[in-house]
Structure formats: C-alpha cells, structure tokens
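Here is how the chains run, residue by residue.
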Amino acid sequence: AHLWAHGWVKLHQLISPDLAGRLLARAKVHMGPGGDQHAARHGTDTGNVFWNDRHNVAEDDEAFAAVCLGRRMGANAQRLMRRAVGVLQTANMLAVKIGTKQDSSCPSIAPTVFHQDALDLPIDRNGYVSFWIALDHITREMGGMRFVDRSNTLGMLGLVDLHETYPELRDMTLTDPVELAPGDATVHTMYTVHGTDANETASPRWALIVAYIPDDAM
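Residues numbered from 1 in each chain as written. Predicted model: local features only at pLDDT ≥ 70, side-chain atom pairs only at ≥ 80, totals over all residues. Heavy atoms only, no water.

J.: I tried to follow the nonpolar core on my own but got confused; where do I start?
T.: Nonpolar side chains in soluble globular proteins generally cluster together in the buried interior. Membership of the largest hydrophobic core comes to 34 residues, with the highest contact counts inside it found for Phe64, Val129, Phe131, Leu135 and Leu208. When residues of this core are traced back to their parent elements, those giving at least two are helix H2 (17-31), helix H3 (57-60), helix H4 (62-68), helix H5 (71-81), strand S3 (87-97), strand S5 (129-134), strand S7 (185-189) and strand S9 (205-214). No other element matches H2, which puts six residues into this core. Not counting residues within four places of it along the chain, the set of residues in contact with leucine 135 comprises Ala20, Leu23, Leu24, Ala27, Phe64, Leu94, Pro182, Trp206, Ala207 and Leu208. Counting residues in each nonpolar core, the second largest holds 14 residues, with Ala134, Phe147, Leu180 and Ile209 among its members. (Core = buried A, V, L, I, M, F, W, Y, C linked by side-chain atoms within 4.5 Å. Buried < 20%, exposed > 50% of the residue type's maximum accessible area, 1.4 Å probe, protein only. Helix = DSSP H or I, 4+ residues; strand = E, 2+ residues; numbered from the N terminus. Contact = heavy atoms within 4.5 Å.)

J.: Explain the pairing of S3 here, please?
T.: Successive side chains on a regular strand alternate, one facing one side of the sheet and the next facing the other. Where strand S2 (residues 52-55) lies against S3, four bridges are found, and the strand directions are antiparallel. From the neighbouring strand, histidine 55 faces S3, where its bridge partner is methionine 93. Here S3 pairs with S9 via ten bridges, running antiparallel. Directly across from alanine 95, in S9, lies its bridge partner alanine 207. (Pairing = 2+ DSSP bridges.)

J.: How should the sheet that holds strand S6 (residues 145-147) be read in this particular structure?
T.: An order of S4-S8-S6 is seen for the three strands of this open sheet, with the pairing classed as antiparallel. Two strands bound the open sheet, and with one partner strand each, they are strand S4 (112-115) and S6. Within the sheet, the average angular offset between the axes of one strand and its neighbour, ignoring direction, is 25°. (Axes fitted to C-alpha atoms, helices over the stretch in contact; angles between N-to-C directions.)

J.: How do you make sense of the pattern of salt bridges when you look at a structure like this?
T.: Any two side chains of opposite charge can pair if their charged atoms end up close together. Counted by the stated rule, this structure contains twelve salt bridges. Two residues, arginine 22 and aspartate 18, come together in a salt bridge whose shortest N-O distance is 2.2 Å. You can see arginine 22 and its partner aspartate 18 sitting in helix H2, four residues apart, about one turn around the helix. In this structure, the salt-bridge partner of arginine 146 is aspartate 197, at a minimum N-O distance of 3.5 Å. Here arginine 146, found in strand S6, pairs with aspartate 197, found in the loop between strand S8 (194-196) and S9; they are 51 residues apart in sequence, far enough to count as distant. Owing to a relative accessible area of 15%, arginine 146 belongs among the buried residues under this scheme. Residue aspartate 197 is classed as partly exposed on the basis of its relative accessible area of 29%. Among the ionic contacts, a cluster of salt bridges with common partners joins Arg41, Asp45, Arg54 and Asp60. (Salt bridge = Lys/Arg side-chain N within 4 Å of Asp/Glu carboxyl O.)

J.: Before we go on, may I ask you to explain the sheet that holds S5 in this structure?
T.: To summarise the sheet geometry, strands pair through backbone hydrogen bonds and adopt either a parallel or an antiparallel arrangement. Spatial ordering of the open sheet is given by S1-S7-S5-S9-S3-S2, a layout of six strands whose pairing is antiparallel. The sheet terminates laterally at strand S1 (8-11) and S2, the two strands that pair on one side only. The mean inter-strand angle of the sheet, taken between neighbouring strand axes irrespective of direction, is 20°. Of the strand pairs in this sheet, S5 and S9 are connected by six bridges, and their pairing is antiparallel. Residue pairing across strands places phenylalanine 131 opposite valine 210, the latter belonging to S9. Along the sheet, H5 makes contact with S3, S5, S7 and S9, crossing S5 at roughly 130°.

Have a look at this one:
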C-alpha cells in the first residue's frame, strides 16, 4: 500500500544480514575491496559517473542468481505489482558509489541526478518494481536513496532537468536519505522520481539492484 501511494517503500531485512554479508564478499571478488576495480565492459555496463556498475552479476555468479532469479524474489515482486501475473526480470547489477574521501581514481562519485526509471523501459504498462538492496551499512552521509514522495502520480516527465521543468516537484516532499542496514532494501516504481547525494565518506556504498516487470507487458 505504501509503495503504490508514495511511489517507494523501505523494506526491513528483505534478505538476512548473513546473506547480505555473503553477497558482499562475492561483490568484492567482482569489484575489488573498494568497489573501484571493475572497468565498465562495452555494451554491458554503463560506465557512468554516478556509480561503478557491474550488470548481469546473477548470470555470472550463483550466489546472486539464487537471490535475483529465485522464486521468493519473484513472489515479492508479484506481490508489489498487486496482480496475479508472471514476473520477468529486466536488470540485475552491483552499483557501487565510490566515496569522495576514498582516495580512488574511479570517477563514480557524483550525486545521482533525480530521474525516473521509466525512460529506460520500452513497455506499455505500469508494474515495474526496482529493489535496491544494501549489502553493507548505508548511512545518511553515504548517499542513501532519496525519493520525491508521491511523484509516481505524475506520470512520465521526460529526459529533462526535472526540478527546472516541473516546478511543482519543489512543492512535493523530498525524503531524507534512507539509511539501511545490511539486507534492508528500498523499492520504487517506474515513475517515482529518485536520486542520491554524493557518498561523502571514505568507504564505498554497496548496493545490489534488481528490477522486474509483469510478464504480460508488451
């Protein structure tokens, strides 16, 4: 109910801290201890300035596959879609925001601009849900997720500077950075405006992102 009313929701202990710890250990194998040793692969990873990403980790690592492609996550996604429909996965990735005080040459330190995921989704109906799972502690200073509350009600806003183009967004509530313990998660919809501040610490911010759509979407 909170997801569909507000466009986002925090889920306490979506996965166990123990499982989050095991996934974090595997993530460090793929990304390096500081999350900055994975070079973007052409045609697979984005290589942007907002986070150091490694897409399709579930296809390459059985530990991530057990979570991202598991029946329980599929059931979670279906429950949040609120329809008796099959579930398709659209993305899974490690997304590491490098700390500004981390002494790293990796450029992925910029604040994540506020945006809607719908721009990247060539589908004809609502139902997309994106899980953003903390693999380690994420404090306010590390650039936790922020949402423009109830912005999911505005529909598609476009590839523009959202706050400049739509002044009404300034009158809507912007959440504080969501602090997460290992295994906690946030979920948001395709139209929810969201972004993050920079990670102003000496440690990487470790997150696993996995997203799903209803399987009857065209």
